[in-house]
Amino acid sequence: MCKQDSRSTIFLILCGLSYIFASDLPPEIQKCKTGDHACITQRINEVIRLYPKGNPTFGLDDFSLIKLNKISAAKKSSNSPVQLNFILSNLELRGIEKLTMFSSKGFVKDIKNIELDFNIPLLRINSLYELDGKLLLLPIKGKGNVEVILHDAHFVVTINVELEKRQGKNYIKFKKLVAKVEPKSTTFKFENLFDGNKELTDATNKVLTDSWQDVWNELGKDFNQGFADALYLILTPVADSISYDDYFAD
């Protein structure tokens, strides 16, 4: 009896392993036909809702917390109200698991370019920072912790891809990924500005937050590259785990 139970257990483990290494979509995710972008958009939203902490069976890592090494920018244009040099390091991004996909395009047989349009209601960025420069002619300098919050952030992501043959199947390989982000507003919470002067730090955070559109117009491009890097980290393991041939029902 024990031997039979042991054989059954081993069989179940082997079945589980074969499912993992087969790296197909879970059975609860109904596959779409190639080019049915409305269906594909719906399925992407289902995957996000079902697996906010990821699913290793098809290479989806936990994307409720994404870590990046560095984002840096330098803006010194004399014509701009924002003249800042900053470095963000040891970044932690939270809130991506709450995204809603509006549309997805490009998932055709001969795939070359993908376009994703989605919204993240609240995206938090926590990191270390080094900052100096001027805002509205006021000097700013500091070093410490910062939280940047993007409210109702709209993303348009374009991805240039090619198909790579592996063991008789086609896999997506990312060649270029570009993200453009437009938040409805942004909150800045820098600590330890002006050698820890709390009154000046609070006042500067208010000016930065009130002037967020000017800040974003000047520095958003550098943040966009950071977001593109984060999405690359999320998408690459999935593309490596599941062949493009197995994405679809046809």
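Below or above, wherever it landed, is the structure these notes cover. Because the structure is a prediction, the values reported are computed rather than measured.

### Some points on the pairing of strand 5 (residues 138–166)
Within a regular strand, the side chains alternate between the two sheet faces.
Part 1 of the reasoning: Where strand 4 (residues 113–135) lies against strand 5, 22 bridges are found, and the strand directions are antiparallel. Across the sheet, the residue bridging to Asn119 is His154, located in strand 5.
Part 2 of the reasoning: Between strand 4 and the antiparallel strand that follows it, strand 5, lie two residues; Leu136 among them carries a positive phi value of about 55 degrees.
Part 3 of the reasoning: In this sheet, strand 7 (residues 185–190) lies alongside strand 5 in antiparallel orientation, the contact comprising six bridges. Counted as the bridge partner of Val148 is Phe188 from strand 7.
Part 4 of the reasoning: Across 13 bridges, strand 5 lies against strand 6 (residues 169–182) in antiparallel orientation. Paired with Ile159 across the strands is Leu177, a residue of strand 6.
Part 5 of the reasoning: With antiparallel pairing between neighbouring strands as the criterion, strand 5 and strand 6 make up a hairpin whose turn holds two residues, including Gln167 at a positive phi of roughly 50 degrees.

### Quick notes on the packing of aromatic side chains
Between two aromatic rings, the relevant description is the distance of the centres plus the angle of the planes.
Part 1 of the reasoning: Tallied over the entire structure, the rule returns twelve aromatic pairs.
Part 2 of the reasoning: An aromatic cluster of three or more residues is present, and its members are Phe86, Phe118, Phe155, Trp216, Phe223 and Phe227.

### Considerations on the side chain of Asn55
Part 1 of the reasoning: Tracing the backbone through its elements, the reader meets Asn55 in the loop between helix 2 (37–50) and strand 1 (65–74).
Part 2 of the reasoning: Once residues lying within four places of it in the same chain are set aside, the contact partners of Asn55 are Pro26 and Leu60.

### Points about the state of the cysteines
Part 1 of the reasoning: Overall, the coordinates contain one disulfide when judged by the stated rule.
Part 2 of the reasoning: Note on cysteine connectivity: Cys32 is disulfide-linked to Cys39, with sulfurs 2.0 Å apart. Residues Cys32 and Cys39 are joined by a disulfide whose S-S torsion is about -80 degrees; by sign, that bridge is left-handed.
Part 3 of the reasoning: Judged by its relative accessible area of 5%, Cys32 is buried.

### A short note on unusual backbone geometry
Part 1 of the reasoning: Despite not being glycine, Asn90 shows a phi value in the positive range, around 55 degrees.
Part 2 of the reasoning: Assignment of secondary structure puts Asn90 in strand 2 (residues 82–94).
Part 3 of the reasoning: Notably, Asn192 is not glycine yet its phi reads approximately 65 degrees, a positive angle.
Part 4 of the reasoning: Summarising the element assignment, Asn192 is placed in the loop between strand 7 and helix 3 (198–210).

### Quick look at the nonpolar core
Part 1 of the reasoning: Counting 69 residues, the largest nonpolar core has Phe118, Leu150, Phe155, Val157, Phe223 and Phe227 as the members making the most contacts within it.
Part 2 of the reasoning: Contributing elements (two or more residues each) for this core: helix 2, strand 1, strand 2, strand 4, strand 5, strand 6, strand 7 and helix 4 (212–241).
Part 3 of the reasoning: Of all the elements, helix 4 adds the most residues to this core, at twelve residues.
Part 4 of the reasoning: Excluding its chain neighbours within four sequence positions, the residues that come into contact with Phe223 are Ile71, Phe86, Leu88, Ile125 and Trp216.

### Points about the pattern of salt bridges
Part 1 of the reasoning: The tally for this structure, following the rule as stated, stands at 13 salt bridges.
Part 2 of the reasoning: Here Arg124 makes a salt bridge to Glu147, at a shortest N to O gap of 3.2 Å. Here Arg124, found in strand 4, pairs with Glu147, found in strand 5; they are 23 residues apart in sequence, far enough to count as distant.
Part 3 of the reasoning: A salt bridge links Glu162 to Lys175, with the shortest nitrogen-to-oxygen separation between them at 4.0 Å. Here Glu162, found in strand 5, pairs with Lys175, found in strand 6; they are 13 residues apart in sequence, far enough to count as distant.
Part 4 of the reasoning: Take Glu162: its relative accessible area is 33%, and that puts it in the partly exposed class.
Part 5 of the reasoning: Sharing partners across several salt bridges, the network here consists of Glu164, Arg166, Lys173 and Asp240.

### Here's the deal with the environment of Pro81
Part 1 of the reasoning: Considering the arrangement of structural elements, one finds Pro81 in the loop between strand 1 and strand 2.
Part 2 of the reasoning: Sequence separation between Pro81 and Leu136 is 55 residues; the distance between their C-alpha atoms is 4.8 Å.
Part 3 of the reasoning: Setting aside its immediate chain neighbours within four residues, Pro81 contacts Lys134, Leu135, Leu136 and Asp214.

Reading the values: the criteria
- Residues numbered from 1 in each chain as written.
- Predicted model: local features only at pLDDT ≥ 70, side-chain atom pairs only at ≥ 80, totals over all residues.
- Heavy atoms only, no water.
- Pairing = 2+ DSSP bridges.
- Helix = DSSP H or I, 4+ residues; strand = E, 2+ residues; numbered from the N terminus.
- Phe/Tyr/Trp six-rings, centres within 6.5 Å; stacked < 30°, edge-to-face > 60°.
- Contact = heavy atoms within 4.5 Å.
- Disulfide = S-S within 2.5 Å.
- Buried < 20%, exposed > 50% of the residue type's maximum accessible area, 1.4 Å probe, protein only.
- Core = buried A, V, L, I, M, F, W, Y, C linked by side-chain atoms within 4.5 Å.
- Salt bridge = Lys/Arg side-chain N within 4 Å of Asp/Glu carboxyl O.

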